[in-house]
Each structure stands twice: as structure tokens, then as C-alpha cells.
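Observations on the three-dimensional arrangement
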There are 2 protein chains.
Amino acid sequence: MATRARALFLLLLATSSIIRPCFTGLRTSSRAPRSAMRRFSNAAAEWMEANGYEIKSKQGRGGSSWASFQTLETDKGDFFVKTSNRPAEKMFKGEALGLDALRAAGGVCVPRVVHYGDDDKGGSYIIMQKLSMGGRPNMKEFGRALAKMHLAEPADPTAKEGQFGFEVDNTIGGTPQSNTWTSSWLDFFREQRLGAQVRMAGSTELQRTWDQLLKETNNLKDLFTDVEVKPSILHGDLWSGNYEMTPEGVAIFDPATYYGHHEAEFGMSWCAGFNRDFWQGYREIIPEAPLFAKRRKLYEAYHIINHYNLFGGGYLYQGIGLLSP
Amino acid sequence: MATRARALFLLLLATSSIIRPCFTGLRTSSRAPRSAMRRFSNAAAEWMEANGYEIKSKQGRGGSSWASFQTLETDKGDFFVKTSNRPAEKMFKGEALGLDALRAAGGVCVPRVVHYGDDDKGGSYIIMQKLSMGGRPNMKEFGRALAKMHLAEPADPTAKEGQFGFEVDNTIGGTPQSNTWTSSWLDFFREQRLGAQVRMAGSTELQRTWDQLLKETNNLKDLFTDVEVKPSILHGDLWSGNYEMTPEGVAIFDPATYYGHHEAEFGMSWCAGFNRDFWQGYREIIPEAPLFAKRRKLYEAYHIINHYNLFGGGYLYQGIGLLSP
């Protein structure tokens, strides 16, 4: 991001009012690998102190293979910090911009990003609201809120003009995800989403199945005759580990945000536990389009083949199955 | 394990014939965290050379947050090596014994463990057959093979006597899994499986739901009136990332093995992509018991609540839903 745009963004973060107040704690594993535990940096705490927060306590919250987690109790509330040994431009910029774009759309509860930046050891951090969690989610309300988020007018001017993508690239479970702005949803999804995963998998049978599908559906056009696709802000990786109940409603976090077809949000719903209540709430606001069931297989295939690229195994077979007639 | 038992086990590994010849490559991410990449040890290669294998090439295969992966090409075939910075007793013993027990049952293809051991830096390694993969799985055949494995007479003498558990504890996706031998399946599952996860979650609502279920079902007994449960060897973590097609049939790997009720194998099937063909094959050999659908919720709850303990988020709500009447 250009320096000017970055300064504007940080100013925006610093001055933005809390669009929706919500507080929940991201639960993290207490069985984090030792390597991650070593990666704490004091840069986040130092930034907070330099910016008028008085820190009362710090607590390690484990980590993943690529980041360490911490909570900071301050005089102005509790915060959740992720630290990585890679620079912010590669690690946390996409997450920060994504969370901010989701918050801007309203509807669903999203943790507020306070700041992200580099430390002096080549690593980086992101500081966000610590959300407090609890209670059983009202799934119907969650469905409604997500539909409202999908229908919100895009905050991004390029998306507002009708383009699909995002201002930064990001990752989907560790796999790079390209978000170059594209005026056609079909072009975007075919080239930067599903096609990219199919190429990455390097399976001749999967490639052949995908080529055959493109040939039979006029490059997917025949599967989209019932809808006019508009850019919706998407969480992009909505499974059960990435939403949680808060006192103010269900919160979503750890996104892989971009502007795309709202139906693509359900590509991870095989692992999201959406029940009948959820779908009733969602469908009250966005009714099901006739060819949804067919497109859903495409949207699932993106994530299933990504799982193959990450984990291998039977996912390849599942991906081929989803793309087969 | 006592030294004598361990020596016996290593002798068994060294002399065991290939129960079912199969070769497939475990696919691993090329986007492994840098921390994992540093963890290679030469101990595995040294052991192989000391034991008559001539190494022609080594290749890094990425890693996870807790291990690094490598393939070794030798004059006696190709091998797959995992390296960790923790001792074998904690890391690879459970995997080695688990794979061996699964192989002993026959039915499904399982990579042969060549050796596991500690290196001189406090870490450890496991060396197994490198399986070659390819082709679309014959899911009906896979279903049949898994059912045969479940029906096999236990290789372990304690399991053969009708006890449930395993000779070592292991982990389920990073969470410790206790396998203390128990003569009653219900006691074993209630205390060492589902109950342990419920306690770990620390949610009063989940605990209340579980207590209520126990009360209403006479400590689960009412859900098992249609079956006589016998100890079956289980993979224990059977999802789409843990099976793959090989030229000789579907192979399973990365197990969390123990002897338990065969239906418990399907606790991960919400992420396993088992289709109608698979179930037809399985049910040809093991017909569905009347109360299977009710018990399946229990078996899923174990893994769903484990996912909550690992990842947090909406899994808690799913777990509560599975245990609710």
C-alpha cells in the first residue's frame, strides 16, 4: 500500500468510532507448539503505551504454526494481540483491512482492529479488541445479520463500481489468494479462485474434470443464468472455528475477505454447522436462487481443493466429485 | 514402554513381512512454516545407513506446526520421514504402534513403519514406507476394507480379551487422548473420551447438557440396547486428509489408534467425504444397527468438542446441539 494510503488507513482506524460494540475472546489452544511461544514481541505493548494505554497485565494465549497470541489488559479495556515473525505487509495487513471492511458493512459483530505494524526484528503484530464470549448463538439472528452484511453497499469505491476482488491479496488457510479487481465475477472466480486451486493441485484427473466442466457450461455462464451477481463483502473462510457468540450477537473473525458473490460465502459451510434456524434467518432476507445448489458445489470445490493443497488425502477425490456432472 | 517390550517391538518391526504391499506419498504442504523447516535431523538418515540402506537423495517435504517431513530415496525403495523436536516417547511411539496395529488387522492399506527413535538433540523421528498415490479411490472397496479391518480379531492380547483402549496414550489433533484399558466400552467412552473433552471445554452449558444426557439415558446404557460392543481396531481420526488412493487400494495414515466400538470410527465422517458407494461397501459387511444414528451423534460430539478445544468458535454450539435431546 502506498505510504499516503497507509497513513490514511491508520488515521481511519485511530479515529473510527466503534461501529458495533462487541467483545469476545478468541479462544486459542493451550497446547501451542513451543516454537510459536518464543515469538512474542514487545512491540505491540510498546505501541500501546506510547499511545496512551496503561497495560495492567499480559497473558500468553498459545499460538498456531504461524503466529503467537496474547491478551493485554489495559485501563481502556482488553485487547487481543497476534505476533508473527514475518512483516506486517505479508501477515496482518490483509487481516486488518479485511476485518475493517467487514465491520464497515455492519450486520455482523467484528472485532475492531486498533493497530498493526512491524517490530524491529523483522516480525509484526496486530492489536484488536478482545471480544468476550458466552451464551448459545441465536442462529436465526446470525443468518439475518450475515445476509444484511452481504447486502450492504460496498465501502470500497472499486467494489462500489461493481468490481470483484479486494485492495490486498490475502491467504485462505495458508494458501495465497489473489484478489486483483475484475469486473466479471465469472472471470474472477474462474481464474483467481477455482482455476488457481486446480492448477496448484497438479492432478491431471482434476484438471481434466475442470476443463470438461468449463466446456460443458460455456465457461460456467450456464450456471449463472438466474442471477445478476453484485459485489458483496465476504468473510471468505466461514467455518465453525471462525465465529463465536458474544453478548451482542455472533462475531466473525480470522477472515479471508474480498468482494464477491454472496453465495460463495457458503463454500466452507460443510464445516460451519449452519442449521435450519440459520438458513431460515438468512433466507428471510436473501431468498434462494434457482441454481444455488449447482453453484454451491463450485464454491465448495474451491475450499475442498484448497484442503487438498494443504492436507492432501481424499480431498482430491471429493474435489473431482464436486466438479463432475 | 519397558525396555524389553520396546526391543521386542523394534524386532517385530524389523522382521515383519509386508502384510499388504502399498506405496503412496503423503502429500504435504510446500508452504510449511520456516520454524518447522529448521527441525530436520540427520538421525533418521544415519540410522538407515547404519542398517544397510544406501541413500540416493533427500528431499524436504514441508511440515506442520509440530513436525518436519522428508522423503528419502534409497536402494531399497523410498521412505517418508517425520522429524520433531520432542522425544519419540511423546511424539512417534503412539503413531508407530498405531500404524502397526492397523496393518496387523489387514483390510486397509497402511504404511509400514521401518523404525522410530530419538536423535541426540532431544528430538525424534519416524521412518515409514513412502506410499505412491494415484487414481480415483474405489470407495465401495474402501468401505468393505474398513469393515474387514473393524471385524479383524485384535492383535493385542488385552483387546483380544475384550478390553477397550490401547497400549499407549496418543493424541487427537494435538489433544491428549487417554487409552487406559477398560473392560466396559461405555465406561471407556464416557470417561476417557467424551467426558474428558466436555471437562476440558470448561463450558457450564455444555457440562449441564452432558450431565442431563447421562441422567436421561442411564449413563448412556439406553443408547446401546441393540448391540454387543466388541473391541475393533480403529484409525480414530478418519477424515479426508488421512486417507488416499494408492495403486493397491485406499491407504489410511496419521491415526489416533485404539480398540473401541467400530461405530466410533465415524465420529469424523462430517469431514471425511464418505459417499453412498462407501456406505454400501461398508454395510455389505457390517449392517447398520437400529440405534446407530443416535450413537453417531455421541461419536461426532467427541470430535466436534475436540475441535472446540483446539479452535474455539461455533464448535461449542455444535457440540451442545449434538448432546441435546
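To keep things clear, this report deals only with the structure shown in the data block. All figures in this text were calculated on a predicted structure; none of them were measured in a lab. For every chain, the first residue of the written sequence is number 1, and numbering continues from 1 onward in sequence order. Following the order in which they are written, the chains are lettered starting with A and the ligands numbered starting with 1. The predicted origin of the model limits local features to residues at a pLDDT of at least 70 and limits the giving and counting of side-chain atom pairs to 80 or more, whereas totals for whole chains, interfaces and linings rest on all residues. The side-chain numbers reported here are obtained from all heavy atoms of the structure, hydrogens and water having been left aside.

1. Notes on unusual backbone geometry
The backbone phi angle of N219 of chain A is positive, close to 55°, even though this residue is not glycine. Starting at the N terminus, helices and strands are each numbered in turn, a helix being any DSSP run of H or I of at least four residues and a strand any DSSP run of E of at least two. Here N219 of chain A shows up in the loop between α9 (204–216) and β8 (232–234). Buried, partly exposed and exposed residues are distinguished by accessible area as a fraction of the type maximum, computed with a 1.4 Å probe on protein chains only: under 20%, between the cut-offs, and over 50%, respectively. Taking relative accessible area as the criterion, N219 of chain A reaches 36% and is therefore assigned partly exposed. Residue L220 of chain B is not a glycine yet carries a positive backbone phi of 80°. Considering the arrangement of structural elements, one finds L220 of chain B in the loop between α9 (204–216) and β8 (232–234).

2. Remarks on the sheet that holds strand β4 (residues 113–118) of chain A
All names here are of chain A. Two strands pair under a simple rule: DSSP has to find at least two bridges between them. Pairing within the open sheet is antiparallel, and its five strands lie in the order β1-β2-β3-β5-β4. Strands at the two margins of the open sheet, each flanked by one partner only, are β1 (55–63) and β4. Geometrically, the sheet is characterised by an average inter-axis angle of 20° between neighbouring strands, direction not taken into account. Where strand β2 (residues 68–74) lies against strand β3 (residues 77–84), seven bridges are found, and the strand directions are antiparallel. Bridge pairing in β3 places E73 opposite D78. Contact criterion: two residues are considered in contact whenever any of their non-hydrogen atoms come within 4.5 Å of each other. A fitted line through C-alpha atoms serves as each axis, taken over the contacting stretch for helices, and the angle formed by two N-to-C directions is quoted from 0 to 180°. Seen against the sheet, helix α3 (residues 43–50) touches β1, β2, β3, β4 and β5 (124–129) and runs at an angle of roughly 55° to β5.

3. Let's talk about the pairing of β5 of chain A
All names here are of chain A. Most of β5 sits out of view: six of its six residues are buried. Two elements, β3 and β5, share six bridges in a ladder whose sense is antiparallel. Note on β5: the bridge partner recorded for T83 is Y125. Pairing analysis gives five bridges linking β4 to β5, with the strands arranged antiparallel. Of the residues in β5, the one forming a bridge with H115 is I127.

4. Focus on the pattern of salt bridges
Opposite charge on two side chains lets them pair, provided their charged atoms get close. In the sections that follow, a salt bridge refers to a side-chain nitrogen of Lys or Arg positioned within 4 Å of a carboxyl oxygen of Asp or Glu. Under the criterion given, the structure shown has 24 salt bridges over all chains. For K82 of chain B, the salt bridge goes to E95 of chain B, with nearest N and O atoms at 2.8 Å. In this pair, K82 of chain B sits in strand β3 (residues 77–84) while E95 of chain B sits in helix α5 (residues 93–105), placing the two residues 13 residues apart along the sequence. Classification of K82 of chain B by relative accessible area gives buried; the value is 2%. Close ionic contact of R144 of chain B with E284 of chain B constitutes a salt bridge, the shortest N to O distance being 2.7 Å. Here R144 of chain B is found in helix α6 (residues 139–151), whereas its partner E284 of chain B is found in helix α10 (residues 276–285), with 140 residues between them in sequence. Residues participating in the shared-partner salt-bridge network are K82, E95 and D254 of chain A.

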